[in-house]
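# What the coordinates show
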Amino acid sequence: MTSDGLSLTERRRAQTSNDIHLAAIALYEKQGVDATTVAEIASAAGVSSRTFFRYFENKEHAGIPGQFSLRNRVARFAPSDGSPSSVLRQIEGLFEEEILSGVERDEDSVRVARLFAAEPALLEEAAAQLQRVSKLLQVVLSEHCPSLQRSTSLMITDLAMTTWHTSWETLGQRYRAGEDITPIENYREHCALLREIVR
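This next bit is on the nonpolar core. Membership of the largest hydrophobic core comes to 52 residues, with the highest contact counts inside it found for Ile91 and Phe95. It is helix H8 (residues 120-144) that contributes the most residues to this core, 9 residues altogether. Those residues within four positions of Ile91 in sequence are excluded, and the remaining contacts are Phe77, Leu137, Leu141, Ile156 and Ala160.

Structural data, given as structure tokens:
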């Protein structure tokens with residue numbers, strides 16, 4: 001075990017995953033997602049294409065591996081049973097924690113957000129990954145919030161996931177337009193917008 005609690009194997013796997021991700025981002029910025037191949041990403045990361053597929057399902061996935069962290073955070077989430085608005089606020093708090101830890105964990109969130117604005121394929125991959133996170137969140141809510149009706153739980157989940165996805169999509173657009181805003185400020189603005197809409 002290392003000082004961070006990871007075994008050397010786990011640390012190497014995390015480093016290889018990050019190397020592939022950074023290579024993918026650099027190539028996407030240079031030539032776009034469509035023009036980039038898995039072989040090019042693997043070569044830039046110093047691994048084989050076979051190794052690439054041990055870590056990522058496809059080239060788009062390599063551009064947005066942060067969804068793993070979000071999925072793990074949702075899996076550990078234990079919301080308190082309460083009113084629908086209370087549960088939604090707890091989810092928003094969870095997502096804020098993810099943004100704050102993600103920005104501290106890796107500096108490329110701005111790069112990924114910019115790519116979201118320019119590369120529809122990455123947005124499609126993010127949406128597919130978020131569907132899996134959404135299903136997991138529904139399971140978590142059904143276990144921890146038994147007072148919520150199933151339809152209410154589904155609505156809360158959909159609202160939370162839509163706010164998350166929309167905030168990242170518009171963050172990239174805002175960066176490309178030259179706005180100076182942090183991911184957490186942008187997310188909080190979207191949460192406030194959601195409350196304004198459902199009033």
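There is a patch of nonpolar side chains on the surface, built from Leu159, Leu193, Ile197 and Val198 and spanning about 370 Å² of accessible area. Mapped onto the elements of the fold, Val198 is located in the segment after helix H10 (183-197).

For the pair helix H7 (residues 109-118) and H8, the least separation of the axes is 6 Å and the interaxial angle reads 110°. Judged by the inter-axis angle, H7 sits roughly perpendicular to H8. In this structure, H7 contributes Leu115, Phe116 and Ala118 to the contact, and H8 contributes Pro120, Leu122, Leu123 and Ala126. Residue classes in the contact of H7 with H8 are distributed as 7 nonpolar, no polar and no charged.

In this section: the side chain of Ser134. Looking at the element boundaries, Ser134 is found in helix H8. Ser134 gets classed as buried once you look at its relative accessible area, which sits at 5%. With near-sequence residues (within four places) excluded, Ser134 lies in contact with Thr157, Asp158 and Met161.

Along its 27 residues, helix H9 (residues 150-176) runs 39 Å from first to last C-alpha, staying within 8% of the 39 Å computed at 1.5 Å per residue. Positive backbone phi, approximately 90°, marks Gly178, located one or two places after H9.

Summed over the entire model, instances satisfying the criterion amount to 0 disulfides. In this structure Cys145 is a free cysteine whose sulfur lies 17 Å from that of Cys191, the closest cysteine sulfur available. Classification of Cys145 by relative accessible area gives buried; the value is 1%.

Mapped onto the elements of the fold, Ala127 is located in helix H8. Along the chain, Ala127 and His165 lie 38 residues apart, while their C-alpha atoms are 7.4 Å from each other.

Summed over the entire model, instances satisfying the criterion amount to 8 salt bridges. Its salt-bridge partner being Glu29, residue Arg111 comes within 2.8 Å of it at the nearest N-O pair. On the criterion of sequence distance, the pair formed by Arg111 in helix H7 and Glu29 in helix H1 (residues 8-31) is long-range, its members being 82 residues apart. Its relative accessible area of 28% is what places Arg111 among the partly exposed residues.

Turning next to the side chain of Thr163. Here Thr163 is to be found in helix H9. By relative accessible area, which is 8% here, Thr163 ends up buried. Residues contacting Thr163, with those up to four places away along its chain left out, are Tyr187, His190, Cys191 and Leu194.

Turning to the confidence of the model for the protein, a few remarks are in order. In this model, the protein carries an average pLDDT of 88, and 94% of its residues clear a pLDDT of 70 or more. Looking over the protein, one finds the lowest element-wise mean pLDDT in H7, namely 80, and the highest in helix H2 (residues 38-45), namely 97.

Take the environment of Pro79 next. Its location among the elements puts Pro79 in the loop between helix H5 (67-76) and helix H6 (84-105). The class of Pro79 is buried, set by a relative accessible area of 4%. Residues Pro79 and Leu141, spaced 62 residues apart in sequence, show a C-alpha to C-alpha distance of 7.3 Å. Apart from residues lying up to four places away in sequence, Pro79 is in contact with Gln90, Val140, Leu141, His144 and Cys145.

Conventions and cut-offs
Residues numbered from 1 in each chain as written. Predicted model: local features only at pLDDT ≥ 70, side-chain atom pairs only at ≥ 80, totals over all residues. Heavy atoms only, no water. Core = buried A, V, L, I, M, F, W, Y, C linked by side-chain atoms within 4.5 Å. Buried < 20%, exposed > 50% of the residue type's maximum accessible area, 1.4 Å probe, protein only. Helix = DSSP H or I, 4+ residues; strand = E, 2+ residues; numbered from the N terminus. Contact = heavy atoms within 4.5 Å. Patch = residues over 30% accessible without salt bridge, like charges linked within 9 Å, V, L, I, M, F, W, Y side chains within 5 Å. Areas by Shrake-Rupley, 256 points an atom, 1.4 Å probe, with all protein chains shown as cover. Salt bridge = Lys/Arg side-chain N within 4 Å of Asp/Glu carboxyl O. Axes fitted to C-alpha atoms, helices over the stretch in contact; angles between N-to-C directions. Parallel < 35°, antiparallel > 145°, perpendicular 65-115°, else oblique. Nonpolar A, V, L, I, M, F, W, Y, C, P; charged D, E, K, R; others polar. Expected span 1.5 Å × (residues − 1). Disulfide = S-S within 2.5 Å. pLDDT = per-residue confidence, 0-100.

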